[in-house]
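In case you want the letters, here they are:
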Amino acid sequence: MEFNKMEALLEKYFEGETSIAEENELKDYFSSSNVAPHLEQYRPLFGYFTEAKEQKLTNNVFPVSKKRKLAWLSIAASIVVLMGVGTYTYFNTNSVKENKELGTYDDPEEAFEATQKALAMLSDNVNVGVEGVQYLQVYEVTKDKVFVE
């Protein structure tokens, strides 16, 4: 009879519907030596609570003052700001030097040759694109022949 009662209490416990008194009854039952064999699997669950009550914290934790935290935080923020300004300055000065070097030729013939070279590369790429468009036009004509609307 007691086994049936414990099974019913276990069902209520897992549903979250037990009272404190019923939970204490379950703890007492599982800490005793006459637990039903088919309920042995729940013994560690309720045994854990009694072991957890006996454990005590032995570590001494020293609180860190807020002033010390604030000091480290301000130092870290200063470092981040300085690194950001330094990185911006480094990359900005390099890009200015690169921009000054672009497109400046002292000799007009050399500039003309560079321009022709750039336009030839552009022309090659445009021709590749035109060939692709012509292929699409052939595809559209074939599609219209196959799929008559």
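The shown structure was predicted, so the numbers you read here are calculated from the model rather than taken from an experiment. Residue indices follow the written sequence of each chain, beginning from 1 at its first position. Local features in a predicted model are, by the rule used here, given only for residues with pLDDT of at least 70; side-chain atom pairs are given and counted only at 80 or more, and totals for whole chains, interfaces and linings are based on all residues. Derived side-chain values reflect all non-hydrogen atoms in the structure, with water molecules and hydrogen atoms excluded from consideration.

**Description of the overall build of the protein chain**
And then number 1: Each helix corresponds to a stretch of at least 4 residues labelled H or I by DSSP, and each strand to a stretch of at least 2 residues labelled E; elements are numbered beginning at the N terminus. When helices and strands are tallied, the protein chain shows five helices and zero strands.
And then number 2: Each helix and strand of the protein chain, ordered N terminal to C terminal, gives the series α-α-α-α-α.
And then number 3: Residue burial is assigned from relative accessible area. The probe radius is 1.4 Å, only protein chains are included, and a residue is buried under 20% of its type maximum, exposed over 50%, and partly exposed in between. Within the protein chain, the proportion of its 149 residues that are buried is 9%.
And then number 4: We call two residues in contact whenever any of their non-hydrogen atoms come within 4.5 Å of each other. At a minimum sequence separation of 6, the contacts of the protein chain that also span at least 24 residues come to 34%.
And then number 5: With an accessible surface of roughly 13,400 Å², the protein chain has 60% of that area assigned to carbon and sulfur atoms. Residue-level accessible areas treat just the shown protein chains as cover; the underlying method is Shrake-Rupley with a 1.4 Å probe.

**Structural notes on the confidence of the model for the protein chain**
And then number 1: The score called pLDDT rates the predictor's confidence residue by residue, from a low of 0 to a high of 100. Taken over all residues, the pLDDT of the protein chain has a mean of 79, while the share at 70 or more is 88%.
And then number 2: The weakest mean pLDDT in the protein chain belongs to helix α3 (residues 43-54) at 73; the strongest belongs to helix α2 (residues 20-31) at 83.

**Concerning a negative patch on the surface**
And then number 1: Taken together, Asp106, Asp107, Glu109, Glu110 and Glu113 make up a surface patch of like negative charges.
And then number 2: Within the secondary structure layout, glutamate 113 lies in helix α5 (residues 108-146).
And then number 3: Overall, glutamate 113 belongs to the exposed group, its relative accessible area being 53%. Any residue with relative accessible area above 30% and no salt bridge may belong to a patch, with like charges joined within 9 Å and the nonpolar Val, Leu, Ile, Met, Phe, Trp and Tyr side chains within 5 Å. When a carboxyl oxygen of Asp or Glu is within 4 Å of a side-chain nitrogen of Lys or Arg, the pair counts as a salt bridge. Charged residues are defined here as Lys and Arg on the positive side and Asp and Glu on the negative side; His and the ends of the chain fall outside this count. Lysine's charge is taken at NZ, arginine's at CZ, aspartate's at CG and glutamate's at CD.

**Focus: the side chain of threonine 18**
And then number 1: Relative to the elements of secondary structure, threonine 18 occurs in the loop between α1 (2-15) and α2.
And then number 2: Polar contact is defined as a pair of N or O atoms within 3.5 Å, subject to the rule that within protein one atom must be able to donate a hydrogen and the other to accept it, and that residues adjacent in sequence are counted only when both atoms are side-chain atoms. A distance of 3.0 Å separates the side chain of threonine 18 from the side chain of glutamate 23, its partner in a polar contact.
And then number 3: Once you skip the residues sitting within four places of it in the chain, threonine 18 turns out to touch Leu9, Lys12, Tyr13 and Glu23.

**What to know about the side chain of glutamate 22**
And then number 1: One can find glutamate 22 in helix α2.
And then number 2: Polar side-chain contacts of glutamate 22 include one of 3.0 Å to the backbone nitrogen of serine 19.
And then number 3: For glutamate 22, the contacting residues outside a window of four places in its chain are Leu9, Lys12 and Glu17.

**Things to note about the nonpolar core**
And then number 1: Listed in full, the eleven residues of the largest apolar core are Met6, Leu9, Leu10, Tyr13, Leu26, Tyr29, Phe30, Val35, Ala36, Leu39 and Phe46.
And then number 2: With four residues, the single largest contributor to this core is α1.
And then number 3: Not counting the four nearest positions on each side in its chain, valine 35 is found in contact with Tyr29, Phe30, Glu40 and Arg43. Take the buried Ala, Val, Leu, Ile, Met, Phe, Trp, Tyr and Cys residues and link them wherever side-chain atoms come within 4.5 Å; each set so joined is a nonpolar core.

**Quick word on the packing of aromatic side chains**
And then number 1: Classification of ring pairs uses Phe, Tyr and Trp, with its six-membered ring standing for Trp, and accepts pairs whose centres are within 6.5 Å; under 30 degrees between planes counts as stacked, over 60 as edge-to-face, and the remaining range as tilted. The full count for this structure, using the stated rule, is four aromatic pairs.
And then number 2: When the ring of tyrosine 29 is compared with that of phenylalanine 30, the centres are 5.2 Å apart and the planes differ by 75°; the resulting orientation is edge-to-face. Each of the two residues, tyrosine 29 as well as phenylalanine 30, counts as buried.
And then number 3: Among the aromatic residues, those joined into a cluster by ring pairs are Tyr13, Phe14 and Tyr42.

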